[in-house]
Amino acid sequence: MAGLAASFGSGAMTNSINEIGKAACIFAIGTNTTANHPIIGRQIDRALRNGTKLIVADPRQIPLCRKAHIWLRLQPGTDVALLKGMMRVILDEKLFDTSFVKERCEDFEAFETSIMEYDLATAAEISGVTAKEIAEAARMYASTSPATILYTMGITQHSHGTDNVRSVANLALVTGNIGKPSTGVNPLRGQNNVQGACDMGALPNVYPGYQKVDDKEVREKFEKAWGCDLNPSPGVTLTEIFEAAHAGKVKALYLMGENPMVTDPDSKFIEKAISRLELFVVQDLFLTDTARLADVVLPAASFAEKDGTFTNTERRVQRVRQAIEPVENARPDWMIICDVARNMDAKGFDFDSPDQIMEEIRSLTPSYGGIKYERLKKSGLQWPCPFPIHPGTPYLYSDRFNTPSGRAQLAPVEYRPSAETASNEYPFILTTRRSIFHYHSVLSRKVPGLNALRGEEHVEINPADAASLEIKDGEVVIVASKRGSVKAKIKITGVVTPGVVSMTFHYGETRTNILTSTALDPIAKIPEFKVCAVKIERKESAYISKDYLRWGTGGK
């Protein structure tokens, strides 16, 4: 698994977007691609027109299911069981790539033992997918080359998200579907520059370029460049920051481009944690639900009001060019940060332009070493791009993996249930999702046309469950978990299975994440947004908030 750390640790695609359309088989697991990544969804359509086989694994009947050759309708949180079942078939029927495993992988024996201890009947019982369907999917993926895997937060946002990713990696490795065009393990980033933020060290354990904080040689390099002493210990994640604030261990917080009051789990706890801070600064485009709680709000410029670069999900660094002047007193993020730093007598923040910052990035980040502004005039460059004439890297691991031996490590993984399961008191499993009409919690809610298309929250529920609860389509209900409750309208649909309900998290007036679990993956520290136990109660009348009236009504 360490052989794929540079990609998975960064959340980057191993391959390029345009390679998807040339794959012979696409396995989309935990991704509603056509709704949440429509440009990449078009690559899937392109591939299907060329005869590509499509396997979809998702608890909901997403639009891709109608196009799929095989739809694996697994129960939420059972991805490891499903994937181990597929790999059991691949090993039993000798469908794995023996030469690739021999030449480019290690620890196969331990991996094989862990798979052979797990039979297909167990995988079917846990996942809810029939043994026949699991076997058919395994044969299709393993025997149709090149095959690519696409996934998003349906895989990662679990208390066992790291195990899910390891299982996906094992599947690609054992079939030799990595290190070649139109193959790979491809996590699709949800925002235009999430990849760039991580590349630049917006993680608690790395400096820019995923250089480890606790690596003495790396740390000394940055100390020399920045002229300061650096802490040798990794920091804490976003979720852990709020836990520390609640405990009084974090006194001040500077928050940029996040709205955790709507998007983080157990948002009532988030509000309590913020209230215990001695100083809370928010830097954002809009006065978000979270910014309303800040001591200081710093207005930031939007993408159209600044120059710079974005790095997208395929590791492509692209220029961003200013189109309009910043509105009122908004300013680019880098300029605000530099001014704050200089006012605190910090050294090394005397930049006059984004291209000067890029030059520092190049000098300290090997994977960005060859990326200059003058080289980004057309279509950008994909890292790693280590020197000025390097063309960029369309796909990773063509020759070796990032391990001392150069071989990828096949990692035994055991299935673990989700932190919460249905019970008599909370008989439904809630899984959260995004709407095609909105993104996160602020930007798209400012667009009247999008609010007209979907202006309020809906609770998707199966017709059988609606009948048992005697609730009607459009009726307002209370959805409650151990952490709190929200009100929303019912949408009766076969998109979800009996026992499962689904909601989005875009609406500040219906804060779905009041409900969600704070259980974390022990390694990645990602919250388990995709599985939490809830109950649904009838409500004869609904409270309509002022915010709801201001943001718009209606919805389809």
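Worth saying up front: this structure is predicted, and the values here are computed from it rather than measured.

Quick notes on the rules
- Residues numbered from 1 in each chain as written.
- Predicted model: local features only at pLDDT ≥ 70, side-chain atom pairs only at ≥ 80, totals over all residues.
- Heavy atoms only, no water.
- Helix = DSSP H or I, 4+ residues; strand = E, 2+ residues; numbered from the N terminus.
- Rg over C-alpha atoms; globule rule 2.2 N^0.38 Å.
- Buried < 20%, exposed > 50% of the residue type's maximum accessible area, 1.4 Å probe, protein only.
- Areas by Shrake-Rupley, 256 points an atom, 1.4 Å probe, with all protein chains shown as cover.
- Lys, Arg positive; Asp, Glu negative; His and termini not counted.
- Charge placed at Lys NZ, Arg CZ, Asp CG, Glu CD.
- Pairing = 2+ DSSP bridges.
- Contact = heavy atoms within 4.5 Å.
- Domains from an automatic or database assignment.
- Buried area = accessible area lost by both parts, 1.4 Å probe.
- Salt bridge = Lys/Arg side-chain N within 4 Å of Asp/Glu carboxyl O.
- Nonpolar A, V, L, I, M, F, W, Y, C, P; charged D, E, K, R; others polar.
- Phe/Tyr/Trp six-rings, centres within 6.5 Å; stacked < 30°, edge-to-face > 60°.
- Lys NZ or Arg CZ within 6 Å of the ring centre and 35° of its normal.
- Patch = residues over 30% accessible without salt bridge, like charges linked within 9 Å, V, L, I, M, F, W, Y side chains within 5 Å.
- Expected span 1.5 Å × (residues − 1).
- Axes fitted to C-alpha atoms, helices over the stretch in contact; angles between N-to-C directions.
- Parallel < 35°, antiparallel > 145°, perpendicular 65-115°, else oblique.
- Left-handed = near helix turned anticlockwise from the far one by under 90°.
- Polar contact = N/O pair within 3.5 Å; in protein donor to acceptor, adjacent residues only side chain to side chain.

(A) Quick peek at the overall build of the protein. Within the protein one finds 21 helices and 21 strands. Taken against the 2.2 N^0.38 rule, which gives 24 Å for 556 residues, the C-alpha radius of gyration of the protein at 24 Å falls within 12% of a compact globule. Taken along the three principal axes of its C-alpha coordinates, the protein extends 65 × 65 × 45 Å. Here the protein holds 556 residues, and the buried ones make up 55% of them. Accessible surface, the protein as shown: approximately 24,300 Å² in total, 53% of it carbon and sulfur. Taking the 66 positively charged and 66 negatively charged side chains of the protein as two groups, their mean positions are separated by 4 Å.

(B) Seen up close, the sheet that holds strand β14 (residues 381-382). Read across the sheet, three strands follow the order β12-β13-β14 without closing on themselves; strand pairing throughout is antiparallel. The sheet is open, and its two borders are formed by β12 (308-311) and β14, each paired with just one other strand. As defined by bridge partners, β12 adjoins strand β13 (residues 316-320) across four bridges and the pair is classed as antiparallel. Across the sheet, residue Thr311 finds its bridge partner in β13, namely Val317.

(C) View of the environment of Ala519. Of note, Ala519 is situated in the loop between β20 (500-503) and β21 (532-538). We classify Ala519 as buried; its relative accessible area is 19%. C-alpha separation for the pair Ala519 and Pro265, spaced 254 residues apart in sequence, amounts to 9.1 Å. Residues in contact with Ala519, not counting those within four places in the same chain, are Ser159, Ala419, Ile526, Pro527 and Glu528.

(D) Summary view of the domain arrangement of the protein. Entries for the protein in the domain assignment read domain 1 (2-187), domain 2 (194-382) and domain 3 (428-547). Tallying the contact residues gives eleven residues for domain 1 and nine residues for domain 2. Counting the surface lost from both domain 1 and domain 2, the interface buries some 660 Å², and carbon and sulfur atoms represent 47% of this. Here domain 1 is connected to domain 2 by zero salt bridges. A breakdown of the residues in the side of domain 1 that touches domain 2 according to their chemical character gives five nonpolar, six polar and no charged.

(E) Representation of the packing of aromatic side chains in the model. Inspection of the entire model under this criterion finds eight aromatic pairs. Through a chain of ring-to-ring contacts, three or more aromatic side chains come together here, namely Phe96, Phe108 and Phe111. Positioned over the ring face of Trp383 is Arg315, at 5.8 Å from the centre of the ring.

(F) Examining a nonpolar patch on the surface more closely. Among the surface-exposed residues, Tyr254, Met256 and Ile337 lie close enough to one another that they form a single nonpolar patch of about 230 Å² accessible area. In this fold, Met256 is placed in strand β9 (residues 252-256).

(G) Just helix α5 (residues 79-92), in detail. For α5, built from 14 residues, the straight-helix expectation of 20 Å at 1.5 Å per residue is met to within 8% by its first-to-last C-alpha distance of 20 Å. A large share of α5 lies buried, amounting to 13 of its 14 residues. Phi turns positive one or two residues past the end of α5, at Lys94, with a value near 55°.

(H) Examining the sheet that holds strand β6 (residues 185-187) more closely. Pairing within the open sheet is parallel, and its five strands lie in the order β3-β2-β1-β5-β6. Where the open sheet ends on each side, the last strands, each with one partner, are β3 (70-72) and β6. Averaged over neighbouring strand pairs, the angle between their axes works out to 15° when direction is ignored. The sheet contact formed by strand β1 (residues 25-29) and strand β5 (residues 147-151) spans five bridges and is parallel. When the bridges of β5 are listed, Cys25 appears paired with Ala147. Each of β1, β2 (53-57), β3 and β5 touches helix α9 (residues 131-143); the most contacted strand, β3, lies at about 125° to it.

(I) Quick look at the packing of helix α14 (residues 238-246) against helix α16 (residues 267-275). In contact at an axis separation of 8 Å, α14 and α16 are set at 55° when each is read in the N-to-C sense. The orientation of α14 with respect to α16, classified from their angle, is oblique. Along this stretch, α14 crosses α16, giving a crossing that reads as left-handed. Together, Phe242, Glu243, Ala245 and His246 of α14 and Phe269, Ile270, Lys272, Ala273 and Ile274 of α16 make up the contact between the two elements. Counted by class, the contact of α14 with α16 contains six nonpolar, one polar and two charged residues.

(J) Molecular detail of the packing of α5 against helix α11 (residues 161-174). Viewed as axis vectors pointing N to C, α5 and α11 meet at an angle of 20°, and their least axial separation amounts to 9 Å. Our classification of the angle between α5 and α11 gives roughly parallel. Of the two elements, α5 crosses α11, and the hand of that crossing is left-handed. Together, Asp79, Val80, Leu83, Met86, Met87, Ile90 and Leu91 of α5 and Asp163, Asn164, Ser167, Val168, Asn170, Leu171 and Val174 of α11 make up the contact between the two elements. Per-class residue counts for the contact of α5 with α11 are nine nonpolar, three polar and two charged.

(K) Representation of the side chain of Ser353 in the model. Residue placement: Ser353 occurs in the loop between α17 (333-343) and α18 (354-364). A distance of 2.3 Å separates a polar atom in the side chain of Ser353 from a polar atom in the side chain of Asp355.

(L) Fine view of the pattern of salt bridges. What the rule picks out here adds up to 19 salt bridges. Between Arg139 and Glu93 there is a salt bridge; the shortest N-O distance is 2.8 Å. In this pair, Arg139 is assigned in helix α9 and Glu93 in the loop between α5 and α6 (98-104), connecting sequence segments 46 residues apart. For Arg139, a relative accessible area of 36% corresponds to the partly exposed category.

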